[in-house]
Amino acid sequence: YIGTISAEGTANVVTMVSGTVDEVLVEVGDTVDVDTPLCRIDDESAVLSLESAQASYNSALENYNSAQASYGGSDLSLLQEQLRQAQENYDATVSLHELGSVSQSEVDQAYQSLISAQASLDSAKASLSSSQANIRSAQVSVETAEYQLSLYRLSSPISGVVEAVNVTENNYTSAGTTAFVISNGNNKTI
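Fair warning: this is a prediction, and the values are worked out from it, not measured in the lab.

The four strands are arranged S5-S4-S2-S7 in an open sheet whose pairing can be described as antiparallel. The two strands at the open ends of the sheet, each matched to only one other strand, are strand S5 (153-155) and strand S7 (172-173). Note that strand S2 (residues 19-24) and strand S4 (residues 37-41) share three bridges and pair antiparallel. Bridge pairing in S4 links Val-24 to Cys-39.

Taken N-terminus to C-terminus, the directions of helix H2 (residues 77-98) and helix H3 (residues 104-150) make an angle of 160°; their axes are 9 Å apart at the nearest point. As far as their axial angle goes, H3 and H2 are roughly antiparallel. The hand of the H2/H3 crossing is left-handed. Contact with H2, carried on its side by Leu-79, Gln-80, Gln-82, Leu-83, Ala-86, Gln-87, Asn-89, Tyr-90, Thr-93, Val-94 and His-97, involves Gln-104, Glu-106, Val-107, Ala-110, Tyr-111, Ser-113, Leu-114, Ala-117, Gln-118, Ser-120, Leu-121 and Ala-124 of H3 and no other residues of that element.

Now for the side chain of Ser-183. Mapped onto the elements of the fold, Ser-183 is located in strand S8 (residues 178-189). For Ser-183, a relative accessible area of 3% corresponds to the buried category. Within polar-contact distance, the side chain of Ser-183 engages the side chain of Glu-163 at 2.6 Å.

Attention now moves to the packing of helix H1 (residues 44-70) against H3. Viewed as axis vectors pointing N to C, H1 and H3 meet at an angle of 165°, and their least axial separation amounts to 8 Å. Taken together, the axes of H1 and H3 are roughly antiparallel relative to one another. Here H1 and H3 pass one another in a crossing that is left-handed. A class-by-class count of the residues in the contact of H1 with H3 yields 15 nonpolar, 11 polar and one charged.

About the cut-offs
- Residues numbered from 1 in each chain as written.
- Predicted model: local features only at pLDDT ≥ 70, side-chain atom pairs only at ≥ 80, totals over all residues.
- Heavy atoms only, no water.
- Pairing = 2+ DSSP bridges.
- Helix = DSSP H or I, 4+ residues; strand = E, 2+ residues; numbered from the N terminus.
- Axes fitted to C-alpha atoms, helices over the stretch in contact; angles between N-to-C directions.
- Parallel < 35°, antiparallel > 145°, perpendicular 65-115°, else oblique.
- Left-handed = near helix turned anticlockwise from the far one by under 90°.
- Contact = heavy atoms within 4.5 Å.
- Buried < 20%, exposed > 50% of the residue type's maximum accessible area, 1.4 Å probe, protein only.
- Polar contact = N/O pair within 3.5 Å; in protein donor to acceptor, adjacent residues only side chain to side chain.
- Nonpolar A, V, L, I, M, F, W, Y, C, P; charged D, E, K, R; others polar.

Set out below in structure tokens:
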């Protein structure tokens, strides 16, 4: 009889990125476990992208910390206290005006101080919110760059035997290439 013997559990390890293969770590016939490194593709550009994303994250974090410090802390306590005092001053000035003790211009000045304190608090909140959004965006960039970097290192998705190696050191491989075939040698089908 003529037949084909194949393993029931077979995994094709496909490259997700293009580049020069720096190192092939296994050969046909080698036994591998899950997550055993198979090869490494030149990742210089991905490393630079990750470093850039980390620098952007650090910068966003520094900007946020600087904004917090300039507004009196993360809870904006200084500006909130200024607003509370401006409100109390305005309320007192209005009461005194009703008694005839202060002029309308003094009421207007107290009102302007209240409006200014409210605007300062609103501006600080908006600035901190924007800084927090920048931090979140930079964090996503770091995570994306880390994921991209991980694509340059191929590892075995299953335990088994390396049946085929379709990449060679110092040669170019393109995305979508089946670089390795690994089979679970326990069960065979004819």
